[in-house]
Amino acid sequence: MAYQVIIPAAGQGKRMGAGKNKLYLTLEDTPVLIHTLRVFDEDEECGGMILAIHPEDEAQFKDMIHFYGIRKVTSMVHGGRERQDSVYSGVKVLEEEGIVLVHDAARPFIKKETIHSLVREAEMEGAAIAAVPVKDTIKRADSNMVTETIERSSLWAVQTPQAFRISVLRNAHEKAVKEEFTGTDDASLVERLPHKVAIIEGDYDNIKLTTPEDVFFAEAILKKRKQLG
Ligand code: CTP
Ligand code: MG
């Protein structure tokens, strides 16, 4: 079954410090935004992309989408102050039924296999997220004094895409708005419905470009992929 994908792209990239939305940065001459959109554009199961943008980026994003021949952006909505507001703008224009993915525009290395596993799992369970086992030991601290070491084997570093039955994501966002709850990902809104969320193990290279050093990691990932063909 075809899925839709909401792509939040309305951030400002403050931690990247590029003086503009980090999605304009290029990797091998192609903007980060286009790398991400291309994965879904080329996926035969993707029925349409809903892009949440900042009004200031609208003209330039439209030019880029046209220039690079991206065909499946079915709507552009204006994002909000927080990522969650931007996703909610997308939720409002979703079709009634089916599966929706939410995927950060700043994660250009998502693989089709992971997308398809998430869609299958969300069809069965209602909600599924991509994540990888945590590699570092994680401790809790009170200011800079350790209070606890958290058992690593139960910890996952969560990424996007996150996949949901449309009704589940819509209910979760509406409840969060009503209760003025802000979470750092969409699954956290779904968890408090409450609703179960399944994990699909993803890839360590599905990084989010956040700080300047991530650009070097991204270039290395692209180079590795080229070598592997
Ligand atoms: N995003 C969004 N609307 C916002 C904030 C973020 O659509 N109000 C999007 C970003 O464009 C990005 C994704 O959500 O694709 C993940 O957010 P993040 O990595 O935090 O990007 P920025 O918010 O742009 O960066 P920063 O927090 O450093 O300013
Ligand atoms: Mg942000």
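The model shown is predicted, which means the values in this text are computed figures rather than measured ones.

**A word on the UniProt feature "site: Transition state stabilizer" (unreviewed entry) in the protein**
Mapped onto this numbering, the UniProt entry gives "site: Transition state stabilizer" (unreviewed entry) at R15 and K22. Mapped onto the elements of the fold, R15 is located in the loop between β1 (3–8) and β2 (26–27). You can call R15 exposed: its relative accessible area is 59%. Here R15 is in contact with K208, T210, T211 and P212, once residues within four sequence places are set aside. Inspection of the secondary structure assignment puts K22 in the loop between β1 and β2. With near-sequence residues (within four places) excluded, K22 lies in contact with G13, M16, V32, A106, L209 and T210.

**Observations concerning the site of ligand 1**
Near ligand 1 there are 18 residues, and of these G13, K14, R15, S86 and K208 occur at the shortest range. R81 is positioned such that a nitrogen or oxygen atom in its backbone is 2.9 Å from a nitrogen atom of ligand 1. Taking S86, its side chain carries an N or O atom lying 2.7 Å from a nitrogen atom of ligand 1. Look at ligand 1: alone it shows 560 Å² of surface, and the protein chains cover 88% of it. Residue classes in the shell around ligand 1 are distributed as 5 nonpolar, 5 polar and 8 charged.

Criteria and thresholds
Residues numbered from 1 in each chain as written. Chains lettered and ligands numbered in written order. Predicted model: local features only at pLDDT ≥ 70, side-chain atom pairs only at ≥ 80, totals over all residues. Heavy atoms only, no water. UniProt positions renumbered as here; feature names shortened; annotations may be inferred. Helix = DSSP H or I, 4+ residues; strand = E, 2+ residues; numbered from the N terminus. Buried < 20%, exposed > 50% of the residue type's maximum accessible area, 1.4 Å probe, protein only. Contact = heavy atoms within 4.5 Å. Near = heavy atom within 4 Å. Polar contact = N/O pair within 3.5 Å; in protein donor to acceptor, adjacent residues only side chain to side chain. Areas by Shrake-Rupley, 256 points an atom, 1.4 Å probe, with all protein chains shown as cover. Nonpolar A, V, L, I, M, F, W, Y, C, P; charged D, E, K, R; others polar.

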